[in-house]
Amino acid sequence: MSNQIVVAGALISGSLLLVAQRARPPELAGLWELPGGKVAAGESDAAALARELHEELGVEVTVGPRIGADVALNETTTLRAYRVTQTGGALHPNDHRALRWIGADELDGLAWVPADRAWVDELALALQTGPTVRRAVEADRAGIAAVIVEAYRREFSTLSRNMDNVTAALTPAVEVERFFVADRRGDVIGAIACTDHTGRAMRIRAADWGGHLGFVRGALAARILAPQWMSQLEYPGATGYIEFVAVAEGARRQGIATRLVEGVIAQTRYTDFELEVTDVNMPARECYRKIGFVDVRRKKEKFGRIKGFRERIYMRYTR
């Protein structure tokens, strides 16, 4: 006799978990669960969960690692949970009575559907492990720009001393679909881009920069940034190029950069990843080495004495 798999999604944003209140059947109405549904014949768990959450909640998600162990509903039906990250859409209870965000301290006292209560301990642990790394959505655009400008303040200060103006100029340049963010309770505290030979993470337009920095400074900024940020990458299709690893000042020294890089590796299809770091940025180099990146080549920097570093070091990670 075949076993029916039912999948449930633990949608986590920062330290909060989304739970859904059942509307039916009568014996479960009013109780709370992780939303999801049945896996159809020939369908993977991930595909089924993404489909069910789109139907039930109106959102697009990426499906991550398992949460807890399988739960036997009966002799022929098994329930399993996965961590998921929202990548698009807007939450709406299409198939439930209500939706609610809860913290770790609310898990034990919630009126759970009996089967889902088996995952309370694992869910509590997941909610205590820090921010979620997820694909960026349009609403993250300004947050991404702000984090990047904050992280690279020294470099941007050569263009303008007004970082608010720089942030405003950078915001429309962000190619959102190329970015991932570290999300803590709905706030973007880190950003990272993963690009390839098909396109880069920024689109520089002189008009955007001129509108905020003035015509001359804006034209100069575009002339400096466009070749660096928009030049085509000569990598094979299986290689992702990691750029703009940026963490908000208040979130530094908390392992966020490591989470961002590891999140990109886990959530993209590439088999190889490459990034660059300056020879003087020892903390970043050590961070990348711990993840598994190794040095593959070096490039001397023109006007390095003025810029404050001598070489760009290219590092590679292979799955």
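Not measured: the values here are computed from a predicted model.

**Student:** Account for the nonpolar core, with residues named and values stated.
**Tutor:** Generally speaking, nonpolar side chains in soluble globular proteins are found buried as a group. In terms of nonpolar packing, the biggest core is built from 32 residues, with Ile-148, Phe-156, Leu-170, Phe-179, Met-202 and Trp-209 touching the most fellow members. Those elements giving two or more residues to this core turn out to be helix H3 (141-151), helix H5 (163-170), strand E9 (179-184), strand E10 (187-195), helix H6 (206-213), helix H7 (215-230) and strand E11 (239-247). A per-element tally of this core places H3 first, with 5 residues. In contact with Ile-148, other than residues within four places in its own chain, are Phe-156, Leu-170, Phe-179, Met-202, Phe-244 and Ala-246. Ranked by size, the runner-up nonpolar core spans 27 residues in total, among them Ile-189, Val-247, Val-264 and Phe-273.

**Student:** I'd like a rundown of the sheet that holds E11, residues and numbers included.
**Tutor:** As summarised here, the arrangement of the 7 strands in space is E8-E9-E10-E11-E12-E14-E13, forming an open sheet in which the pairing is mixed. Strands at the two margins of the open sheet, each flanked by one partner only, are strand E8 (132-135) and strand E13 (294-300). In this sheet, neighbouring strand axes are inclined to one another by 30° on average, regardless of whether the strands run parallel or antiparallel. Two elements, E9 and E10, share 6 bridges in a ladder whose sense is antiparallel. Within E10, the residue paired with Phe-180 across the bridge is Ile-192.

**Student:** Got a sec to walk through the pairing of E9? Specific residues and values, please.
**Tutor:** Extensive coverage of E9 is indicated by the burial of 5 of its 6 residues. The pairing of E8 with E9 spans 4 bridges and is antiparallel. Considered in E9, the bridge of Arg-135 is made with Phe-180.

**Student:** Residue-level account of unusual backbone geometry, with values.
**Tutor:** The omega torsion across Arg-24 and Pro-25 is -5°, close enough to zero to call that bond cis. Its location among the elements puts Pro-25 in the loop between strand E2 (16-21) and strand E3 (32-33). Even without being glycine, Phe-244 reaches a positive phi, approximately 55°. Tracing the backbone shows Phe-244 in strand E11. Even without a glycine there, the phi angle at Arg-253 is positive, about 60°. Note that Arg-253 resides in the loop between E11 and helix H8 (256-267).

**Student:** An account of the packing of aromatic side chains is needed here, citing residue identities and associated values.
**Tutor:** Taken as a whole and assessed by the stated rule, the structure comprises 8 aromatic pairs. With a centroid separation of 5.9 Å and an interplanar angle of 85°, the aromatic rings of Tyr-270 and Phe-273 are classed as edge-to-face. Residue classification places Phe-273 among the buried residues on the basis of a relative accessible area of 0%. Residues Phe-273 and Tyr-317 carry aromatic rings whose centres are separated by 6.3 Å and whose planes lie at 55° to one another, so their mutual orientation is tilted. Within this pair, whereas Phe-273 is found in strand E12 (residues 272-278), its partner Tyr-317 is found in strand E14 (residues 311-318), the two being separated by 44 residues in sequence. In terms of burial, Phe-273 and Tyr-317 fall into one category: buried. Here a set of aromatic residues connected by ring pairs shows up, and it is made of Tyr-270, Phe-273, Tyr-288, Phe-293 and Tyr-317. A cation over an aromatic ring shows up here: Arg-66 above the ring of Tyr-82, its NZ or CZ 5.5 Å from the ring centre. The cationic tip of Arg-100 hangs over the ring face of Trp-32; the distance from NZ or CZ to the ring centre is 5.7 Å.

Rules used throughout
Residues numbered from 1 in each chain as written. Predicted model: local features only at pLDDT ≥ 70, side-chain atom pairs only at ≥ 80, totals over all residues. Heavy atoms only, no water. Core = buried A, V, L, I, M, F, W, Y, C linked by side-chain atoms within 4.5 Å. Buried < 20%, exposed > 50% of the residue type's maximum accessible area, 1.4 Å probe, protein only. Helix = DSSP H or I, 4+ residues; strand = E, 2+ residues; numbered from the N terminus. Contact = heavy atoms within 4.5 Å. Pairing = 2+ DSSP bridges. Axes fitted to C-alpha atoms, helices over the stretch in contact; angles between N-to-C directions. Phe/Tyr/Trp six-rings, centres within 6.5 Å; stacked < 30°, edge-to-face > 60°. Lys NZ or Arg CZ within 6 Å of the ring centre and 35° of its normal.

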